[in-house]
Amino acid sequence: MDQREMIYGVCDKTGSSDSYFGFFKNEKDAEHEVETQANRLKEDLGMMGIDIQTDRALFNGKLVVVIHRYVLR
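The numbering scheme is per chain: residues are counted from 1 as the chain's sequence reads. Where local features are concerned, this predicted model is filtered to residues with pLDDT of at least 70; where side-chain atom pairs are given and counted, the filter is 80 or more; whole-chain, interface and lining totals use all residues. Side-chain descriptors were evaluated using all non-hydrogen atoms of the structure, hydrogens and water having been removed beforehand.

Colleague: How do you make sense of the overall build of the protein when you look at a structure like this?
Modeller: Secondary structure elements are taken from DSSP: a helix is a run of H or I of four residues or more, a strand is a run of E of two residues or more, and numbering for both begins at the N terminus. In terms of helices and strands, the protein carries one helix and five strands. Ordered by position from N to C terminus, the α and β elements of the protein give β-β-α-β-β-β. Dimensions of the protein, computed from the C-alpha atoms along their principal axes, are close to 45 × 25 × 20 Å. Throughout, exposure labels follow a simple rule: accessible area from a 1.4 Å probe, protein chains only, divided by the maximum for the residue type, with under 20% read as buried, over 50% as exposed, and the rest as partly exposed. The burial tally for the protein puts 33% of its 73 residues in the buried class. In what follows, a contact means two residues having at least one pair of non-hydrogen atoms within 4.5 Å. Within the protein, residue pairs in contact and separated by at least 24 positions form 40% of the contacts whose partners lie at least 6 positions apart. Every accessible area reported is derived by Shrake-Rupley at a probe size of 1.4 Å, with residue values counting cover from the shown protein chains alone. For the protein, the exposed surface amounts to about 5,000 Å²; the carbon and sulfur share of it is 47%. Distance from the positive charge centre (10 side chains) to the negative charge centre (13 side chains) of the protein: 5 Å. For the purpose of counting charges, residues Lys and Arg are taken to be positive, whereas Asp and Glu are taken to be negative. His and the chain ends are not included. Note on charges: their place is set at NZ of Lys, CZ of Arg, CG of Asp or CD of Glu.

In structure tokens:
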């Protein structure tokens, strides 16, 4: 059985509907984008209390940036 290809979408959860910063073939690139976008939220919106984790960023316990994993068919 062959392994299916995976892509990683970095999703903005700050608004009323999800939007994506980008899609990545490499998970490490997606993790770097989570950090980049969380730092932008700190700078642009003053969200200084953002907790940046490997695959997500939280602000006051609320998800603001997350990686969604998609299996390509």
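Colleague: Just checking my understanding: could you explain the environment of Phe 24 for this structure?
Modeller: On the secondary structure map, Phe 24 appears in strand β2 (residues 19–24). Residues Phe 24 and Met 6 lie 18 residues apart in sequence; the distance between their C-alpha atoms is 9.0 Å. Contacts of Phe 24, omitting those with residues within four sequence positions, involve Ile 7, Tyr 8, Val 10, Asp 29, Ala 30 and Glu 33.

Colleague: What's the story with the pairing of β2 in this structure? I'm lost.
Modeller: In regular strands, side chains alternate between the two faces of the sheet. Relative to β2, strand β1 (residues 6–12) is paired through five bridges, and the arrangement is antiparallel. Bridge pairing in β2 places Cys 11 opposite Tyr 20. Criterion used throughout: strands pair if DSSP finds at least two bridges between them. Hairpin connection between β1 and β2: a loop of six residues separates the two successive antiparallel strands.

Colleague: Explain the environment of Gly 49 to me, please; I cannot follow it from the model alone.
Modeller: Within the element layout of this structure, Gly 49 appears in the loop between α1 (27–45) and β3 (51–52). The exposure class of Gly 49 is exposed, given its relative accessible area of 54%. Considering only alpha carbons, one finds Gly 49 and Asn 60, eleven residues apart in sequence, at a separation of 7.2 Å. Once residues lying within four places of it in the same chain are set aside, the contact partners of Gly 49 are Leu 58 and Phe 59.

Colleague: Explain the pattern of salt bridges here, please?
Modeller: Side chains that carry opposite charge are capable of pairing whenever their charged atoms lie near each other. Any carboxyl oxygen of Asp or Glu that lies within 4 Å of a side-chain nitrogen of Lys or Arg is treated as forming a salt bridge with it. Here the structure, examined in full by the defined rule, presents six salt bridges. Between Lys 28 and Glu 31 there is a salt bridge whose closest N-O contact spans 3.4 Å. With Lys 28 and Glu 31 both in helix α1 and three residues apart, the pair spans about one turn of that helix. Judged by relative accessible area, Lys 28 falls into the exposed class, the value being 58%.

Colleague: Hey, could you run me through the nonpolar core in this one?
Modeller: A general feature of soluble globular proteins is that nonpolar side chains tend to end up buried together. Core analysis: the largest hydrophobic core is formed by 13 residues, its most contacted members being Val 10, Ala 57 and Val 65. Of all the secondary structure elements, the ones that give two or more residues to this core are β1, α1 and β5 (62–71). The element contributing the most residues to this core is α1, with four residues. Throughout, nonpolar core names a set of buried Ala, Val, Leu, Ile, Met, Phe, Trp, Tyr and Cys residues whose side chains join them through atoms within 4.5 Å.

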